[in-house]
Amino acid sequence: MEFMTDMLGGADAGKPSVFELVAQHKMAELLEPAVRHITAVYAHRYPRYLVRVLNWHEEVFAALMVAVERHYLRRYGASFAEHFYGAKRVRTRRIGGSGSLTRSDQWASVALLVGVPLVKSRLDQCYDRISGGDAARLLGGAFAQPDDAGAGAGAGADSRGATRLQRLRASAKHAFRRLYPHANFAYHAAAALYYVAYTFDRTRYSSPALHVLGLQLRRLSAADHRAMDARAAAASAPGGSLLRLLRIGAGGALDVLKTALPLAIFFYRFLEWWHRSDFHRRAQQPPMPPPPKPLPPHPDGVAVPGDQALCPLCCSPRTNPAMAPTGYVFCYPCIHRHVAATGACP
């Protein structure tokens, strides 16, 4: 795997390949639905404590990710997903010969890593609500929210201000519904173009956000690992005030997320596969009841032959077997003639 990533990265061994970048992006996208699924599962068990968290999940998750991303950017110089895949952020314009991130770089990175996805998610929800969602895309604009331009047209002279406000809101909704798909396309097209340019060494920035910040991604080297181990050892040295001990404990808890969050993603994907598989449907089906006990032959009826391959009526091997409601099997012609003649089971 290391050979493949080095080969795909080109001549520069420190440059991450585009496949590593896509993996980082996908991992960052999976964190929020995985945490949401786990929260929803436990909200059914403890609704008193977790229902409000679930209702404000995106905001709570964004606040948690601010703490996580800030910790990893301060300690490792990379976001959580970037550090997981062995990458770091480096300034293209070095300060004093060092490419380490400044405090402003760290907070700007946190704002783009957490704020942009949150705003994008809210805009997507707003567009789905105004445009009608999947139903409008499949069945036409009848499911879209109607504009409020004429809602107060007959309200009289006293409501002219309200009518003007309603018209302004309707115009804003109409403009948003028309322009947002183009803005969304431009957002994704810019990211795709940067990936293509990065793959062919036309730019050293793998995304528009990194270009705005003036940062590029590099692979961690052995010297970087030694420096991180030294910083971690110095940070975890015993002694100090209670506040320092609390910071050490919080940093250790956030470092555990390197293992806990990928396991949560795996657990989420496993549950998703399980609920879609035949194994889940079979497990939900009730067990098949055992067959009823066979009825004993009537004393006045036809004797049942000892060989169960024989028809009780003609005492010959059955042809075109047919079963009566009582459970006994006959030749179809034999049982048809008998029931047509007597109207009863033999």
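Here the structure is a predicted model, which is why all the values come from computation and not from measurement. (Residues numbered from 1 in each chain as written. Predicted model: local features only at pLDDT ≥ 70, side-chain atom pairs only at ≥ 80, totals over all residues. Heavy atoms only, no water.)

Draft legend 1. Representation of the confidence of the model for the chain in the model. In this model, the chain carries an average pLDDT of 79, and 79% of its residues clear a pLDDT of 70 or more. Taken element by element, the chain is modelled with least confidence in helix α1 (residues 2-8), mean pLDDT 44, and with most confidence in helix α9 (residues 208-213), mean pLDDT 92. Predicted confidence is poor over residues 1-10, with pLDDT under 50, and the contacts of this stretch with residues over four places away or in other chains come to nine contacts. Below pLDDT 50 for its whole length, residues 149-159 participates in six contacts with residues either more than four positions away or in separate chains. (pLDDT = per-residue confidence, 0-100. Helix = DSSP H or I, 4+ residues; strand = E, 2+ residues; numbered from the N terminus. Contact = heavy atoms within 4.5 Å.)

Draft legend 2. Region of the structure containing a nonpolar patch on the surface. A contiguous nonpolar surface patch, about 430 Å² in accessible area, is contributed by Val41, Tyr42, Tyr46 and Tyr49. By secondary structure assignment, the location of Val41 is in helix α2 (residues 18-45). (Patch = residues over 30% accessible without salt bridge, like charges linked within 9 Å, V, L, I, M, F, W, Y side chains within 5 Å. Areas by Shrake-Rupley, 256 points an atom, 1.4 Å probe, with all protein chains shown as cover. Salt bridge = Lys/Arg side-chain N within 4 Å of Asp/Glu carboxyl O.)

Draft legend 3. Expanded view of the packing of α2 against helix α3 (residues 47-55). Following both chains from N to C, one finds α2 and α3 inclined at 145 degrees, their axes separated by 7 Å at the closest point. Crossing geometry of α2 relative to α3 is assigned as left-handed. Taken together, the residues of α3 that come into contact with α2 (itself represented by Arg36, Thr39, Ala40, Tyr42, Ala43, His44 and Arg45) are Pro47, Leu50, Val51, Val53 and Leu54. (Axes fitted to C-alpha atoms, helices over the stretch in contact; angles between N-to-C directions. Left-handed = near helix turned anticlockwise from the far one by under 90°.)

Draft legend 4. A look at the environment of Leu210. Along the chain, Leu210 turns up in helix α9. A sequence separation of 98 residues divides Leu210 from Leu112, and the C-alpha atoms of the two residues are 9.2 Å apart. With sequence-adjacent residues up to four places away left out, Leu210 is seen in contact with Arg89, Tyr205, Leu215 and Leu217.

Draft legend 5. Representation of α2. Under the 1.5 Å per step criterion, the end-to-end length of α2 is 42 Å for 28 residues, consistent within 8% with the ideal 40 Å. Among the residues making up α2, those that are buried are Val18, Glu20, Leu21, Gln24, Met27, Leu31, Ala34, Thr39 and Ala43. (Expected span 1.5 Å × (residues − 1). Buried < 20%, exposed > 50% of the residue type's maximum accessible area, 1.4 Å probe, protein only.)

Draft legend 6. View of the pattern of salt bridges. Scanning the model with the defined rule gives 11 salt bridges in all. For the salt bridge of Asp201 with Lys15, the shortest nitrogen-to-oxygen distance reads 2.2 Å. With Asp201 in the loop between α8 (160-199) and α9 and Lys15 in the loop between α1 and α2, this residue pair connects regions lying 186 residues apart in the sequence. Judged by its relative accessible area of 10%, Lys15 falls in the buried class. In this structure, Asp124 engages Lys120 in a salt bridge whose closest nitrogen and oxygen atoms are separated by 3.1 Å.

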